[in-house]
Structures are given as structure tokens and as C-alpha cells.
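The primary structure of each chain is shown beneath.
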Amino acid sequence: MLELSDSLTLGLPLVMNASVLILAVLGSLLGILIGAIPGLSGTMAMAILIPLTYSMNPQQAFSLLLTTYVAACYGGSLGAILLNMPGTGAAIMTTLDGYPMCKRGEAGKAIGICCIFSFFGGFISALFLAFFSPILARWALELGTYEYFAVAILGLAVISYISPDILKGLIAAAFGLWLSSIGTDSISSFPRYIFGKPELMSGLSFIPVMIGLFGIGEILSSIDKGLSRGKYSSQKITGLIPKLSFLLTQVSTAIRSVIIGIFIGIIPASGPTIASVVSYGMEKRIGRKRDIMGTGAPEGLVAAETANNAGTGAAIVPLITLGIPGDAVTAVLLGALLLHGLRPGPALFIDKPDVVSSFFILLLLGNFLFLIFGLLGSRFFVLALRVPQHILFPIVVAFCFIGSYAVNNSTFDIIILIVFGFIGYIMKKIDMSAAPLVLGFVLGPIVESNLRRALVLSDGNILVFFTRPISGVIIVLSILLLLSPAILRFDYSKLKRRIVGNK
Amino acid sequence: MRKIFLLILMSFLLFTFLFVNAQELKAQGNFPTKEITILCGFSAGGGTDVLTRKLAQNMEIFLGEPVLVVNRPGGGGLVSMKELVVEKPDGYTLGVLLGNQFLQKYLADEVSWIDPLEEVTLIGVFNADAWGIAVQADAPYDTLPEFIDYVKENPNIKVGAGSPGSVYYWAWEALMDMVDIQLNIVPYEGTSLALKAVAGGELTACGAGAPEADSLVRSDLVKMLGISAENRLAAYPDVPTFMEQGVDFVWNTWRSIVGPAGIPEEVSNILVDAVREAFYSEDYQNFVDTQGFGALYLGPEDGMDFYRSQDTLFKSLMKNAGKIREEYK
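Residues numbered from 1 in each chain as written. Chains lettered and ligands numbered in written order. Predicted model: local features only at pLDDT ≥ 70, side-chain atom pairs only at ≥ 80, totals over all residues. Heavy atoms only, no water.

J.: Please clarify how the confidence of the model for chain A should be interpreted in this entry.
T.: When pLDDT drops low, the exact placement of atoms in the prediction is not to be read closely. The predicted model of chain A averages 84 in pLDDT, with 93% of residues at 70 or higher. At the level of individual helices and strands, chain A shows its lowest average pLDDT in helix α23 (residues 492–502) of chain A, which scores 67, and its highest in helix α19 (residues 412–429) of chain A, which scores 94. (pLDDT = per-residue confidence, 0-100. Helix = DSSP H or I, 4+ residues; strand = E, 2+ residues; numbered from the N terminus.)

J.: Looking at this structure, how should I read the side chain of Asn408(A)?
T.: Within the fold, Asn408(A) resides in helix α18 (residues 389–408). We classify Asn408(A) as buried; its relative accessible area is 18%. With residues up to four places along the chain from it excluded, the contact list for Asn408(A) reads Ser205(A), Asp413(A), Asn71(B), Arg72(B) and Pro73(B). (Buried < 20%, exposed > 50% of the residue type's maximum accessible area, 1.4 Å probe, protein only. Contact = heavy atoms within 4.5 Å.)

J.: Teacher, can you tell me more about the packing of aromatic side chains here?
T.: Two descriptors summarise a pair of aromatic rings, namely the distance from one centre to the other and the angle between the planes of the rings. All names here are of chain B. Across all of its chains, the model carries 30 aromatic pairs over all chains by this definition. The interplanar angle of 70° and the centroid separation of 5.2 Å between the aromatic rings of Phe102 and Tyr307 together place this pair among those described as edge-to-face. Note that Phe102 is positioned in helix α4 (residues 100–107) and Tyr307 in helix α12 (residues 300–321), a separation of 205 residues in sequence. The same class applies to Phe102 as to Tyr307, namely buried. (Phe/Tyr/Trp six-rings, centres within 6.5 Å; stacked < 30°, edge-to-face > 60°.)

J.: Hey, could you run me through the interface of chain B and chain A in this one?
T.: Each partner contributes residues to the interface: chain B has 49 residues there, and chain A has 47 residues. In total, about 3,800 Å² of surface goes out of reach between chain B and chain A, with carbon and sulfur atoms giving 60% of it. In this structure, Asp459(A) engages Lys158(B) in a salt bridge whose closest nitrogen and oxygen atoms are separated by 3.2 Å. Linking chain B with chain A are 14 residue pairs in polar contact (both at pLDDT 80 or more), by the criterion used here. For the side of chain B that touches chain A, the secondary-structure elements that each account for two or more residues are α2 (47–63), β2 (67–71), α3 (78–85), α4, β7 (184–187), α8 (191–199), α9 (210–218) and α11 (282–291) of chain B. Here the side of chain B that touches chain A takes six residues from α9(B), the largest share from any one element. (Buried area = accessible area lost by both parts, 1.4 Å probe. Salt bridge = Lys/Arg side-chain N within 4 Å of Asp/Glu carboxyl O. Polar contact = N/O pair within 3.5 Å; in protein donor to acceptor, adjacent residues only side chain to side chain.)

J.: I would appreciate a short explanation of the confidence of the model for chain B in the present structure.
T.: Scored by pLDDT, chain B has a mean of 87; 91% of the residues are at 70 or more. Taken over the whole predicted complex, pTM reads 0.83, whereas the ipTM for its chain interfaces reads 0.81.

J.: Hey, could you run me through the nonpolar core in this one?
T.: Considering soluble globular proteins, one finds that nonpolar side chains tend to be buried as a cluster. Formed by 236 residues in total, the largest nonpolar core has its most connected members in Leu213(A), Trp131(B), Ile133(B), Phe147(B), Trp172(B) and Trp251(B). Ranked by residue count, the leading element in this core is helix α6 (residues 107–142) of chain A, at 15 residues. Two domains share this core, each providing at least three of its residues, namely domain 1 (35–128 + 254–328) and domain 2 (132–227) of chain B. Excluding its chain neighbours within four sequence positions, the residues that come into contact with Trp251(B) are Asp129(B), Ala130(B), Trp131(B), Val167(B), Tyr168(B), Trp170(B), Ala171(B), Ala174(B), Ser228(B), Leu313(B), Phe314(B) and Leu317(B). Counting 33 residues, the second-largest nonpolar core is a separate cluster that includes Ile36(B), Leu63(B), Tyr92(B) and Tyr297(B). (Core = buried A, V, L, I, M, F, W, Y, C linked by side-chain atoms within 4.5 Å. Domains from an automatic or database assignment.)

J.: Mind showing me how you'd approach the packing of helix α4 (residues 58–83) of chain A against helix α15 (residues 328–339) of chain A here?
T.: The packing of two helices is summarised by the inter-axis angle and the distance between the axes. All names here are of chain A. Orientation of α4 relative to α15, taken along the N-to-C sense of each, is 170°, at an axis distance of 11 Å. Of the possible angle classes, the one that applies to α4 and α15 is roughly antiparallel. Between α4 and α15, the contacting residues are Phe62, Leu65, Leu66 and Tyr69 on the first element and Val329, Thr330, Leu333, Ala336 and Leu337 on the second. Considered class by class, the residues forming the contact of α4 with α15 number eight nonpolar, one polar and no charged. (Axes fitted to C-alpha atoms, helices over the stretch in contact; angles between N-to-C directions. Parallel < 35°, antiparallel > 145°, perpendicular 65-115°, else oblique. Nonpolar A, V, L, I, M, F, W, Y, C, P; charged D, E, K, R; others polar.)

J.: Help me understand the pairing of β7(B) in this model?
T.: The side chains of a regular strand alternate, residue by residue, between the two faces of the sheet. All names here are of chain B. Strand direction decides the pairing type here: strand β6 (residues 158–161) and β7, joined by four bridges, are parallel. Within β7, the position partnered with Val159 by the bridge is Ile185. For the segment spanning β6, helix α7 (residues 167–179) and β7, crossover handedness is right-handed. (Pairing = 2+ DSSP bridges. Right-handed = clockwise from strand over helix to strand, strands pointing away.)

J.: Help me understand the sheet that holds β6(B), please; the structure alone is not making it clear to me.
T.: Two modes of strand pairing occur in sheets, parallel and antiparallel, and in both the strands are linked by backbone hydrogen bonds. Residues and elements named next belong to chain B. Ordered by their spatial adjacency, five strands build an open sheet running β7-β6-β8-β5-β9, and the pairing between neighbours is mixed. Here the strands that pair on one side only, and so sit at the sheet edges, are β7 and β9 (222–227). Ignoring which end each strand starts from, the neighbouring axes of this sheet average 30° apart. One ladder, built from five bridges, connects strand β5 (residues 132–136) with β9; its direction is antiparallel. Paired with Ala134 across the two strands is Met224, which belongs to β9.

J.: So what exactly am I meant to see when it comes to the packing of helix α3 (residues 42–53) of chain A against α15(A) here?
T.: Residue and element names in this part refer to chain A. Two elements in contact, α3 and α15, have axes separated by 9 Å at closest approach and are oriented at 20°. In terms of orientation, α3 lies roughly parallel with respect to α15. Remark: the crossing between α3 and α15 carries left-handed chirality. On α15, the residues that touch Thr43, Met46 and Ile50 of α3 are Ala328, Val329, Val332, Leu333 and Ala336. Classifying every residue of the contact of α3 with α15 gives seven nonpolar, one polar and no charged. (Left-handed = near helix turned anticlockwise from the far one by under 90°.)

J.: Sorry, what's going on with the domain arrangement of chain B here?
T.: Interfaces are often sized by the accessible area lost when the parts come together. Residues and elements named next belong to chain B. The domain architecture assigned to chain B consists of domain 1 (35–128 + 254–328) and domain 2 (132–227). Centre-to-centre, using C-alpha coordinates, domain 1 lies 27 Å away from domain 2. Tallying the contact residues gives 12 residues for domain 1 and 10 residues for domain 2. For the pair domain 1 and domain 2, the two sides together bury roughly 880 Å², of which 73% comes from carbon and sulfur. On the domain 1 side of the contact with domain 2, Leu103, Leu317 and Lys323 bury the most area, a combined 47% of that side's loss. Counting the contacts that link domain 1 with domain 2 gives one residue pair in polar contact (both at pLDDT 80 or more). Counting residues per element, the ones that place at least two in the side of domain 1 that touches domain 2 are α4 and α12. A total of five residues in the side of domain 1 that touches domain 2 trace back to one element, the largest contributor, which is α12. Along the lines of polarity and charge, the residues of the side of domain 1 that touches domain 2 split into six nonpolar, five polar and one charged.

J.: Got a minute to help me understand a negative patch on the surface in this structure?
T.: Residues and elements named next belong to chain B. A contiguous patch of negative charge, built from Glu265, Glu266, Glu301 and Asp302, is present on the exposed surface. For the negative patch, the secondary-structure elements that each account for two or more residues are α10 (265–280) and α12. Turning to its location among the elements, Glu301 is positioned in helix α12. Residue Glu301 is classed as exposed on the basis of its relative accessible area of 66%. (Patch = residues over 30% accessible without salt bridge, like charges linked within 9 Å, V, L, I, M, F, W, Y side chains within 5 Å. Areas by Shrake-Rupley, 256 points an atom, 1.4 Å probe, with all protein chains shown as cover. Lys, Arg positive; Asp, Glu negative; His and termini not counted. Charge placed at Lys NZ, Arg CZ, Asp CG, Glu CD.)

Rendered as C-alpha cells:
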């Protein structure tokens, strides 16, 4: 059995191996690069890497996969800050404050903040995984269909906070929800909006939709505005390593975001993307700097990046303790585990404590590596800004096509990419944020299938959502979040006067 | 100068033409002369992917040419099948056909399905995984007959399964038909989520193979009532079969290698040998045993009989459950 004190020592001999460490360095560099390049995503990296790991031993395979996984989650913020194109789905929220900071000439500062807080989130979450996974597993077991539904509702409730224009945000979210209904429904296997295309049976793929909206869409609208030759090239790269006094001002935001990130990350099917959205939305609701968020506030970066990286370690909790993959990336990790004869679950902690411990160490190592490479490399990342857009954009477009194709080896996904590129362009043109659309698209299937399943389980009794304690709390919280602007803006003095006046 | 250039060009073209012809001649007598591609309809890292890659590795040894596995995930394998059936039937493009293609054929009419009985050349069935039942570890029943009695006394029992597009879902329907019980089937996105729901108390039971449930079994969260195979699995000798418990219920989800319809016999014979040799290779057998996959080999003829029996079975089950599309009602 894996004792608490052994969590991080038992696996050390397995990790202290030249090939494992070299693969960890490679994985980290590859992850940052793939994460940063708009178009290439962590999911794609995993899909390509996994067949390469078939001939490796478990430590080598996981060294490469885990470090790539966490580094890609950080790397996504680079594309978001420098180009307004999130490299990964989890970095969508990072664009909201990261790009305005870059335009203001604070790209270096933004990159430094993202690197440090990505590390903070990822590191704490990996520690949590290492020390508390048996406890977290028991807790994750308690969460079921009702709770998944409640969390998805919470995610939908924050939509109103992540869009500058509430009405347009809701329209985009509704569009996203509708898009998510394309494909075979998961409860009755009925095909919807398929039009005879077998490629649509599994629904629209997330990667080409996201890359189209944020990558191609952004490029089209830049062309529309007229290309610039390295507009921000004169920018000095300063403030890469934030001052301690600044870090201290972010502590409360970071801690809130870590908690949200871990909580949401544990829930299957949600993962880092939803974690960052909920965290950002919460920060915008209760944070001290809520009024300037969205205009280049560091708090926005801290909330988004801490939470999405906190989601990485947490997403591995249900995988390694119960054998349940939360998203596409952890599903790949599950495949890799099985292939090496490691069936995740409580039994793995008893049979192969050293192997489990080596995974924890690799995950921590992955976080350290991207912190080092991120801070060392940021000077070079910013050079992307000096590349004239007429050279940069064609390269990015090529990567968008490759990235969309490579996840499923599907030319159909390229068509989806192009269609959503135009949709993204039109949305930019009418000043509609695409983040709520992606959120609706991701949350739609979770809301739908868990609602339908819950109603089957409870024989149609809708009150169960409120009587189950965790789901009840989350749903009430969602309702409060939705209503709070109205409650807060209500003019109480008027009410008071009226009551007093009536006397 | 120009004449010389033209001459060189012409002779070059002639040479290439002859060479290509020779290649084709060689191809007819001596299959294969280049790499073979297997389209796998599921993502890298999944069960179908790893098993197909292992088989391909061993086919390669027999054929002496590379056998590449290319992932074309989507539509529960349908995307890869649609692509396969329009390929040239020269034996260089193959695919992996799973039992669920027979379900898709009858499920709903939005997409034009492929008909495995008409549109493919069966090369060989190379795996069959047995369905089983997992329940809470402290449940008051240990065998399938005891569970059936419990269900008869306690109506509205909820059991988990994959979606109605998966072969395992229909095991419950088949069992209900056979032993005359009523169950409430709740679909989940995958067996692992359903297993977790059993362990967490949300469900009474769920359908799962022995390997999938193993980890939760050994941590005393769930127990297996049994599996619906003819024999116990080598990797899980403690899990009994339903046949031992006196319930004659067998249910598998299986995988086969197929090509487009109309592969010439001399080519398909070589491929059939390759799959059979790969299946019986020590490497593949070891892999199957250690990973807990079920080993089943059927050649083209036995396989086609099996295909037909599955087709009739699924059709009647879906008809009874009212989930079949209009034209078959």
C-alpha cells in the first residue's frame, strides 16, 4: 500500500533514469511549443505521441505524456497573450486579459504571471493528487450524475460574467448549446442534424471548432483591419519575473482559483477548460478588481491560468484512482496505462505503489520543467510579435489545418475548421465574444445527458437535484450567481423609504 | 541537343512504364508487394487500437511487408467503414469491423449505414470480449440466479450500460428476454462511468467485462456476478461463467479484420492466413492473456455464419425493444 510519506519517495528510483529524464525534458519543450502554437493542441499532441509510447516502459511513456500534458496547458497561454489566439481550449479565458495587456506593452509581464501561476496551480494540484488521492477518490465516488449536472449548470451560470455584452453572450452560448446537440445523443443513440454524414455521428469535434473560432476567425478579422508589420515590435520585454510584492497581492485570487480548479477538475468530462471559465467568472463576480477585468487585469490571468493548471492534476485523480478518464487527454493516458498492464484504480496503489509514486513525481517534475523553460524561454516567445503578420498568419493557418486534421486524421474536420473560421470572423465583426459559444458547446452534452440520466434514475423526480447535498449547494450557488447582479443593483434605500413613508 | 533530351525522356518514360507493369504483374502473383493499411475506427490508445496494432505487428512478420494501422475515429467505427467500402478491393486497404456495425444497421435512418453482410470481405474474427455483470460488493446476491430472484422480488431495479449503440447495452435486453425479468436500463457514456455509479451506489448493477471491473473488484467496491463466456478468462480465473451457474447466456462484443467487398480469392487467402498466423502467434496470445482480452478466432466461413446469426439476433432484439427503424418494424 502506498503510504502518505512514500508518495513522493517510493518512485524516485524509477524516475532517476537518464532516458526518463530526457523524455521529460523533451515532453516539456514539446508541450510548451504545441500548446503555444495556435492550431496545435495538447489533445493532438497526445494522439500523435501515444503510438510512439507503445514500445517504451511505463515510466518512459508517462514521462513523455505527463510532461507534455501539463506543459501544453501552460503553453496555451502564450498564443492567447501574444496573438489573441488561445493555443488550447483551456486558455480561452486567458485571452480576455492577456491580449489587452500585450497591446498595452505588457506582454512580458503577462507571460511571467501566466508561467508562475500556471506552475502554482499545477504544482498544488499535483501535490494534492500525491497526498490525498485516496481521500479524493472516495469523494469523487460520491459525486454522481446529479452533481455533474449541477456543476455544468454552474458553468452555464457564469456565462453572463465572461461576456462584456450579456445579451450577445447569451445568444452565443445558446448557439453553442445547439451546436453540441449535433450528433448521436448519448442516452437513446438517436442521430440529430447528421444529414447522412457519418463524420457527424460523434458530434462536431471540439478542436476544429475552437481553432476555427479563435485562430482562423482572429486572422480573418486582422486581415480585415489591415495587416501590420510587427505592430508591437518596439515592445521591451520587462517584468518577466514579477516582484514578490505583486505576487502577494494575488494570493487570495490564486488560492480561490486553485480550489475551484481542483474541484472542477475532479469531475469527469469537465477538466481544465471549464475550471478556468468558472474560476474567471467567479473572480469577476467577487474579486477585488472585478471592475477592470477584461481590460488587461493581471487578476484575470491569475484566475484563468491557476485554475486550468490546477485542473490538470485533478483530472488525473478519477483516472488513476477509479480508472475513469475525464476528457480526451486523460482517455489517452488511460489507454497508455492499460497498454503497459497497469489497470488504474485503488488496486494499483496496493500492487504497484512505486509506479503510482513515480507518476506523481513525474507530474511534479513536469510542472517544474515548464516553469524553468517558460521563464527562460519567454524572451524568445515574445519574438513572435516581431514577425510581420503577413508571414506569421500563413504559418498559423497552416498549423490550424494540420492541428484540426491530426486529432482524428479526418479531412471532414478541416471543413469544420473553415466553417467555424468564418463564424468566428462574423462574430468578431458584430462584436460577439466566442468564449460563451465554446462554453455552451462544451457544457451542452454534460447538461443534457446527465439531466436525462438523472431523471431516469430518480423516476422523474426533479427535487433530487436539491436534496442531494453537494448538487443542492452547487445549484443554489448557480442561482445566486445568476440573480446577484439584480439583487446587488436593487435600490434598497428606495424600498426603505417606501416602507418608512408608508408608516 | 533537344533531340537527345527527348530521347532520354522517352526512354525514361518507357522504362517507368515497363517497371510499373512489372510491378503489377508481380503484384498479381505475389501479394503483397507494398505496405498494407488497416483503418481503425477508434482513437489511438483505446482497446480496439492496441489490439489491432498487436495483430498488425504479427501480420507483418507473416506478410513481409509493413502493416500500418491508421486511426479514423468517429461514429462508433462507421467513419472508417464508410471509407473502407469504397476502396479498391486489392487487399491493400483493410479495416476493423466491430459487432456494433450490426446495431447501427438497424438503429435509425438518418445515416446510410453499411451492411456488413453485403459490403465487406471478411478476413477473420480475431477477438471476442465477454460481457459480465458487476454489482456492489456488499450486495445480498453472489450469482446470476440469485440476482434474478432479487430482481423479481424488487421491481424497478436500475442497471447501467453503454449507449444503445453499443453491443453491451443489448446484453441486458437479451437477458431480460431470456429469463423474463424487467429491468430499467440507464445508459452511461462508457462502462467505466457506469461502474463508478455502481460503486457509488447510484446503480444496482451494470454490465462490464471482467478486465474493466477488476480494479474496483480488488478494492472491494464492486463484485462480479459472472461473465457470459463459455470458459473462464485466463487472466481472471476467479470470475465464474453464467453457464457454470446454470444460466445458458453467452454475449460477446467482437472484432474482425475486413476488406472491401470483392477481394480476389488468391489475395484474400493470403490475408486470411496472415490473420490466422498472427492470431496464433505466441506474442499475440501472450498479449491477449495478460491484458485480459478474450481470444476468439473465426475464419471467413465460420465468421460469416457468426455474422449472420448476430444480424438476426440484433434485429429481433431491437424489434422487441421498439428501437428499430421504421422499415424493419
